[in-house]
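# Residue-level structure breakdown
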Amino acid sequence: MLKSLEKALYAADDSNAPFGCCLLYGEERYPHGFLKRGLAWLVDRGHTLEVYDCSQVSLQDFLVTATAPSLFAQRKIVHLSNLDSYQKADLEKLLAWIETLPEANSIVTHLFLSSFKLNGRSILVSRLKKKYITVKSEKLKPAEVIQRLLKRAQAASVGVDRRVLEALVHLHEANLPLLEQEFEKMALYVGSGGKIDHAVVDLLGVDGGGGNIFAFGDAVCEGRVVPALTILDALQRARTEALVIVAMVARQYRLLSRATSLEYRGVGASSLASALKVPPFVAKKLANQAKRLRPKACAQAFAVLRDADLAIKTSKLPKTIILERMVLKLAALK
């Protein structure tokens, strides 16, 4: 997905390239942000960019303005967004106009189209994909997110423990914008030539305790009361929200409930990782934790977590006491 967008952006940067067109559609926001940054990069490279919003300008006005010579350059790149604001008849006219550009391409060198609300059934998608680049904006896979972060680390001359990236990607469900923000903070802290490891993550309080949130969930599910309470104290000193702590433990028990089911009992760590869509090292931990828990224990755990969630929202008891009671009850389950 991002490679296709990069291809279109590099083509737009090449003054000798033929006319090109790229359509980005779909609801995932990161690729749209990626395109926006790419267009800003083209401006920095000296290209003239004109941006139009279909919700603000009629098709007729767009066609007149886009084909008019620029005050700043003879040739220009055009970005037209929010295409879903146009009716089907307007989209048909837009397609007809695009078809004329390769022959009379004296002004517009590259056209970028984007919309959050268009889907694969749109005539724009079906017609443009036959000749130009069309990209569906989808959530990046964990492996793709890790590769993006590794490239950032290389560019910043910063070393990074891959297991740290796997843990953070798993924790944040491959939310790349958030992970990039956290990564930039850690990279700035360690500096060029430094290395990001679990100690750095914990020190900066990334994710409300970084690796600690995983260690806490493991200690609770494994019945290790003292370590669980010790890590809980560290999380609270890092000002981690009580509801976030409950939510992360609940997430761990949701995975455990599947790992303890008859469907997955006895399967290897790699098969479990594939089934649960988690990294292999997480699957290995879950498999070990599942050995000490009966399926009934997971149901009891959800009742404890529900009570803790309700108490945090309604009780006058200190949140520390509520969380400590939750830990004691969960650790006792077998």
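These numbers come from a predicted model, not from an experiment.

### What about the layout of surface pockets?
- Estimates place the volume of the largest pocket at around 590 Å³.
- Along the wall of the largest pocket there are 21 residues; nearest its centre are P142, L276, K277, V278 and P279.
- Sorting the residues of the lining of the largest pocket by element identifies α6 (142-155), α7 (162-171) and α12 (242-259) as the ones contributing at least two each.
- For the lining of the largest pocket, the class distribution of residues is eleven nonpolar, one polar and nine charged.
- Along its surface, the second largest pocket is lined by 13 residues, and E6, Y10, F34, G38 and R148 are the ones closest to its centre.
- Ranked by residue count, the leading element in the lining of the second largest pocket is helix α2 (residues 29-44), at five residues.
- Its residues assigned to classes, the lining of the second largest pocket comprises six nonpolar, one polar and six charged.

### Some points on the nonpolar core
- Core analysis: the biggest nonpolar cluster contains 43 residues, and F216, Y253, L256, L305, L323, M326 and L330 have the highest contact counts within it.
- Of all the secondary-structure elements, those providing two or more residues to this core are α10 (211-221), α11 (225-237), α12, α13 (269-276), α14 (280-290), α15 (295-314) and α16 (319-331).
- Sorting elements by how many residues they give to this core places α12 first, with ten residues.
- If we ignore the near neighbours within four places in the chain, the residues touching L330 are V220, V249, Y253, A301, V304 and L305.
- Within the second largest apolar cluster, 35 residues are counted, among which are L5, C22, A153 and V201.

### Thoughts on the environment of R224
- Note on placement: R224 falls in the loop between α10 and α11.
- Of the residues examined, R224 reaches a relative accessible area of 35% and is grouped as partly exposed.
- Linking R224 and L328, residues 104 residues apart in sequence, is a C-alpha distance of 9.5 Å.
- Among the polar contacts made by the side chain of R224, one reaches the side chain of E222 at a distance of 2.9 Å.

The rules behind the values
Residues numbered from 1 in each chain as written. Predicted model: local features only at pLDDT ≥ 70, side-chain atom pairs only at ≥ 80, totals over all residues. Heavy atoms only, no water. 1 Å grid on protein atoms, 1.4 Å probe; cavity = no way out; pocket = protein on both sides within 12 Å on 5 of 7 lines; lining within 4 Å. Points joined across faces, edges and corners; volume = space filled by probe spheres on them. Helix = DSSP H or I, 4+ residues; strand = E, 2+ residues; numbered from the N terminus. Nonpolar A, V, L, I, M, F, W, Y, C, P; charged D, E, K, R; others polar. Core = buried A, V, L, I, M, F, W, Y, C linked by side-chain atoms within 4.5 Å. Buried < 20%, exposed > 50% of the residue type's maximum accessible area, 1.4 Å probe, protein only. Contact = heavy atoms within 4.5 Å. Polar contact = N/O pair within 3.5 Å; in protein donor to acceptor, adjacent residues only side chain to side chain.

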